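Examining the three-dimensional arrangement
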Amino acid sequence: MLNLEARHWPLERRYKYISAFKELANELLLLFVLRIFSLALDSISGVAGLAFFITGFYGLCLFSRFLIILLKFHAPIAVVSKFDLSVLRPAYVIVGFLSVLSQISDLPSLLASPVAMVGGDNFSFNDVLLLLLGSYFLATGTALPAWGLTWLAANLFQLSKPAIRATELIIRYLIVAIGLISILVIVGVNYTFLAAIGGGLSVGLGFGLKEVFSNFISGLWLLIEGAVRPGDVLLLETGTGEDPCEVLELGMRATTLWRDRDNVELVVPNQLFFTQQMVTYSGVRDRYRRGQVLIGAAYRHPPEQVIAILEAVAATVPRVLAKPAPKGLLLRYNDSAITYAIRYWIEDPMNGISVASAVGIAVWNAFSREGIEIPYPQRVLHMDAAIPNARTQI
């Protein structure tokens, strides 16, 4: 009703934080009202424990909103949003549920009660909760700490972009590994059991998981080397034809490519970049790519005339660069026609097929205007007059 978020606040144009925090004005007012109500209830009845609990928990949640807004000014928004949705909000739900449970029951006794036995070791509800929730938060909540440590390392050691990406992923995996080991030690898992798990993983890597491990090492090497980077346009020599793809994301197991012609994402195992030839159209110099259209013309047309038409037509097609200029070539003499090529340059390699189609249509229209024949396959048959009834035999 007060419409605080839409009002003009003093100094909000000068200080960006004031403008950002203005969206929490209603929540701050509500927290103030809840606090006043709790104090009034306590002074009147002397029983306001639940009211103080609700007010304190709401204030804690509101503090998290301030924290998220501050983080968005300094960290990538995607990383902060994922941390907020996957870590912070679930954590508050769990804390709130356990806090409410503690108001109506003996929570420490409940958490200490045994619920499972593995290998002669008893595990309490607290141990199981720590194992499950700890594993979840390690899997989903390492992006923000890894980004912070990577930012610090990048400023200290002046890392390149590929090295920054590799460092961030390595830190994430190290945090997960150290966290899991710490959780297992805290809950009291037997070291012999851990050794058995390690031996099983070693056997698995040697047999069933060798491809996964190979892709992991290949992805790490690609990140450090920088041979493949997000935004690159490349073509894998897999026999699929001229379908350049753009690199969207380089992961530790696979690389995600985007193919323009059908708007699909391809997930390519990282080891493929080491076992097959790779062509990239966006190297360190530029993203220019040479295109080519083949055309056949009849023998009766002078090659100089055909080449001149090809070069003039290609220069008029949009998205064909003027420098380097299109170049027409006579490639070979075939049975029915002379094969020519018009070669040209384009700026965006993702437009290769569409530009080739436009050049082909323009060449066809130009040949029709100039009377240049595109012949069908022809065969010349000679009959020997010395053979009697040759025509009848044929």
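In what follows, the structure referred to is the one given above.
The structure reproduced in this document is the subject of the present report. (Residues numbered from 1 in each chain as written. Predicted model: local features only at pLDDT ≥ 70, side-chain atom pairs only at ≥ 80, totals over all residues. Heavy atoms only, no water.)

1. Digging into the overall build of the protein chain
- Scanning the protein chain from N- to C-terminus turns up 14 helices and 10 strands.
- Taking all 394 residues of the protein chain together, 32% fall into the buried category.
- Across the protein chain, contacts joining residues at least 24 apart in sequence account for 60% of those joining residues at least 6 apart.
- Of the roughly 24700 Å² that the protein chain leaves accessible, carbon and sulfur atoms contribute 64%. (Helix = DSSP H or I, 4+ residues; strand = E, 2+ residues; numbered from the N terminus. Buried < 20%, exposed > 50% of the residue type's maximum accessible area, 1.4 Å probe, protein only. Contact = heavy atoms within 4.5 Å. Areas by Shrake-Rupley, 256 points an atom, 1.4 Å probe, with all protein chains shown as cover.)

2. Some details on the pattern of salt bridges
- By the definition in use, this model includes 3 salt bridges.
- In this structure, D84 engages R89 in a salt bridge whose closest nitrogen and oxygen atoms are separated by 3.2 Å.
- Exposure remark for D84: the relative accessible area of 6% places this residue in the buried category.
- Given the relative accessible area of 43%, R89 is considered partly exposed.
- Across the pair E373 and R300 runs a salt bridge whose closest N-O atoms are separated by 3.3 Å. Taken together, the residues E373 in the loop between α13 (352–370) and α14 (390–393) and R300 in the loop between β8 (289–297) and α12 (303–315) connect sequence positions 73 residues apart.
- With relative accessibility at 60%, the residue R300 sits in the exposed group. (Salt bridge = Lys/Arg side-chain N within 4 Å of Asp/Glu carboxyl O.)

3. Observations regarding the packing of helix α4 (residues 77–104) against helix α6 (residues 125–140)
- At a closest axis distance of 9 Å, the pairing of α4 and α6 adopts a crossing angle of 160 degrees. The angle between α4 and α6 places the two elements in the roughly antiparallel class. With respect to the hand of their crossing, α4 and α6 are arranged in left-handed fashion. In this structure, α4 contributes S86, V87, P90, A91, I94 and L98 to the contact, and α6 contributes L129, L133, Y136, F137 and T140.
- For the contact of α4 with α6, the class distribution of residues is 9 nonpolar, 2 polar and no charged. (Axes fitted to C-alpha atoms, helices over the stretch in contact; angles between N-to-C directions. Parallel < 35°, antiparallel > 145°, perpendicular 65-115°, else oblique. Left-handed = near helix turned anticlockwise from the far one by under 90°. Nonpolar A, V, L, I, M, F, W, Y, C, P; charged D, E, K, R; others polar.)

4. Regarding the environment of T316
- Secondary-structure assignment places T316 in the loop between α12 and β9 (327–333).
- Distance from T316 to A362, taken between C-alpha atoms, is 8.7 Å for residues 46 residues apart in sequence.
- Of the polar contacts made by the side chain of T316, one reaches the backbone oxygen of V313; its length is 2.6 Å. (Polar contact = N/O pair within 3.5 Å; in protein donor to acceptor, adjacent residues only side chain to side chain.)

5. Remarks on the environment of L234
- With respect to the helices and strands, the residue L234 is situated in strand β3 (residues 233–236).
- By relative accessible area, L234 is classed as buried at 2%.
- Between the C-alpha atoms of L234 and M350, which are 116 residues apart in sequence, the distance is 9.3 Å.
- Aside from chain neighbours lying at most four places away, what touches L234 is V228, P244, C245, V247, L257, F273, M278, V279, T280 and Y281.

6. Here we look at the environment of I224
- For I224, the position within the fold is in helix α10 (residues 210–225).
- The class for I224 is partly exposed, based on a relative accessible area of 48%.
- Between the C-alpha atoms of I224 and A166, which are 58 residues apart in sequence, the distance is 5.9 Å.

7. Looking at α6
- Helix length check: α6 (16 residues) gives 22 Å between terminal C-alpha atoms against 22 Å at 1.5 Å per residue, within 8%.
- Among the residues of α6, those classed as buried are D127, G134, L138 and T140. (Expected span 1.5 Å × (residues − 1).)

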